[in-house]
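The primary structure of each chain is shown beneath.
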Amino acid sequence: MVENSISEHPEENPAIDIAGMLPDELRGALETLGEKKYRADQLFAWLHQKEAVSYDEMTNLSKKLRQALAEKYPLAPLRMVREQVSKLDGTRKYLFALQDGNVIESVLMRYHHGNSVCISSQVGCRMGCRFCASTLNGLVRSLLASEMLGQVYMIDRRLRELEGPDAHVSNVVIMGSGEPMENYDNMVRFIRLISCPEGRCISQRNITVSTCGIVPGIRRFADEELSATLAISLHAPDDEKRKKLMPVANRYSIDEIMEACHYFFRKTGRRVTFEYALVHGQNDTDADAEELAGRLHGLNCHVNLIPVNPVRERSFIRPDRTHVLTFQKKLEKCGINATIRREMGADIDGACGQLRNSYLNDSQESGG
Ligand code: SAH
């Protein structure tokens, strides 16, 4: 049926996701409403600089235009449903409800160099990494660009509320739930929008995209002419060990991933980060460190060691501190730069996807 062929829901019809439109697209959309180009620029600034969540805030647009926009392009701001504050380091974890009722989580981490936000790119995840809580219930859906932006904007608004008009997010890592390369177009759109000089203007150098190693995505990303950082979740020095932790290792070998990383470096000149979750008895021996160093040799890169965060539903054990230090030293001895990720918010559902899962469990238990 013709009237049903165009969905009213932005997720199924991104053409109506106005808060995810690039400046040119927005100009086109306003032109069809009979408006001049500068109106689109005003609207863009409201959405992406002032982080407005409703047309009512946009006082330099006429009432008539605001009404027309609200009818044709309803805004769908995120709703904060939970905020948890770590007593240890001030990390804040957020649960946001999307317009369709799904919930996602985001994390605000406080560093000396600024405020870093870790955002989700999907509701759930289908990659199935064995140690990860985000993937326990599979993938529900990918996020729109506006829903990725919304996580940063809502946290910006919250920071201003807490700490005054100058408080803001300075870094974004796409390292929450979901695989960004499986939501490629929206992920790239997000980076272009959030770094837009007429908008929120976060430098692309302060944005990191983390992938479990989707090789065609890495290559395509290298060709985008962006200057964002690429992080690879490697977690093992060889394919056999990697397959035990990450099903995606059956699709792409470490050799293929490394070739794609070299290509990324050639195209962008950006140092690549490798994430390596240390799991007791699986990937944490001296020999593992040596083999890992051998793999990475010759690429301008950096290893981020993460003692695995035990997830209630999984039985992985984190190595103790001295063991982690030994692993780091071994890598450095082999010429590979390595740091140990400082654990943030350990008292508030630490690992990826845990807050959302405990929320979903709670609401199931209470019949919600
Ligand atoms: N899908 C992307 C981004 C999301 S996961 C990716 O795989 O990179 C963000 C990072 O947290 C990844 O390196 C992931 O492997 C890691 N991670 C997930 N669960 C973890 C856990 N329980 N302990 C330590 N690291 C974990």
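Here the structure is a predicted model, which means the values were calculated and not measured.

A separate point is the sheet that holds strand 10 (residues 272-278). The strand order 1-2-3-4-7-8-9-10-11-12 describes an open sheet built from 10 strands, whose pairing is mixed. Of all strands in the sheet, those bounded by a partner on one side alone are strand 1 (79-85) and strand 12 (338-340). For this sheet, the mean inter-axis angle between neighbouring strands, taken without regard to orientation, is 20 degrees. Inspection of the sheet shows strand 9 (residues 229-233) paired to strand 10 by three bridges, in the parallel sense. For Ala231, the partnering residue across the bridge sits in strand 10 and is Thr273. Across the sheet, helix 5 (residues 184-194) is in contact with strand 7 (171-174) and strand 8 (207-211); its angle to strand 7 comes to roughly 180 degrees. Across the face of the sheet, helix 10 (residues 321-333) comes into contact with strand 10, strand 11 (301-307) and strand 12 while running at roughly 165 degrees to strand 12.

Put simply, helix 6 (residues 215-222) and helix 8 (residues 254-268) touch, their axes get as near as 9 Å, and they point 5 degrees apart. When the interaxial angle is binned, helix 6 and helix 8 end up roughly parallel. Taking contact as the criterion, the partners of Val215, Ile218, Arg219, Phe221 and Ala222 in helix 6 are, on helix 8, Glu256, Ile257, Glu259, Ala260, Tyr263, Phe264, Lys267 and Thr268.

Rules used throughout
Note on numbering: residues in each chain are counted from 1, in written sequence order. At least 70 in pLDDT is required for a residue's local features to be given in this predicted model, at least 80 for side-chain atom pairs to be given and counted, and no such filter applies to totals for whole chains, interfaces and linings, which use all residues. The basis for every side-chain value is the complete set of non-hydrogen atoms in the structure, without hydrogens or water. One bridge is not enough; two strands pair if DSSP finds at least two bridges between them. For the purposes of this entry, the term helix denotes a DSSP run of H or I that reaches at least four residues, the term strand denotes a run of E that reaches at least two, and both are numbered from the N terminus. Only the contacting stretch of a helix is used when fitting its axis, a line to C-alpha atoms as for every element, and angles between N-to-C directions run 0 to 180 degrees. By definition, residues are in contact when any of their heavy atoms lie within 4.5 Å. With respect to orientation, any angle under 35 degrees is reported as roughly parallel, any angle over 145 as roughly antiparallel, any angle of 65 to 115 as roughly perpendicular, and every other angle as oblique.

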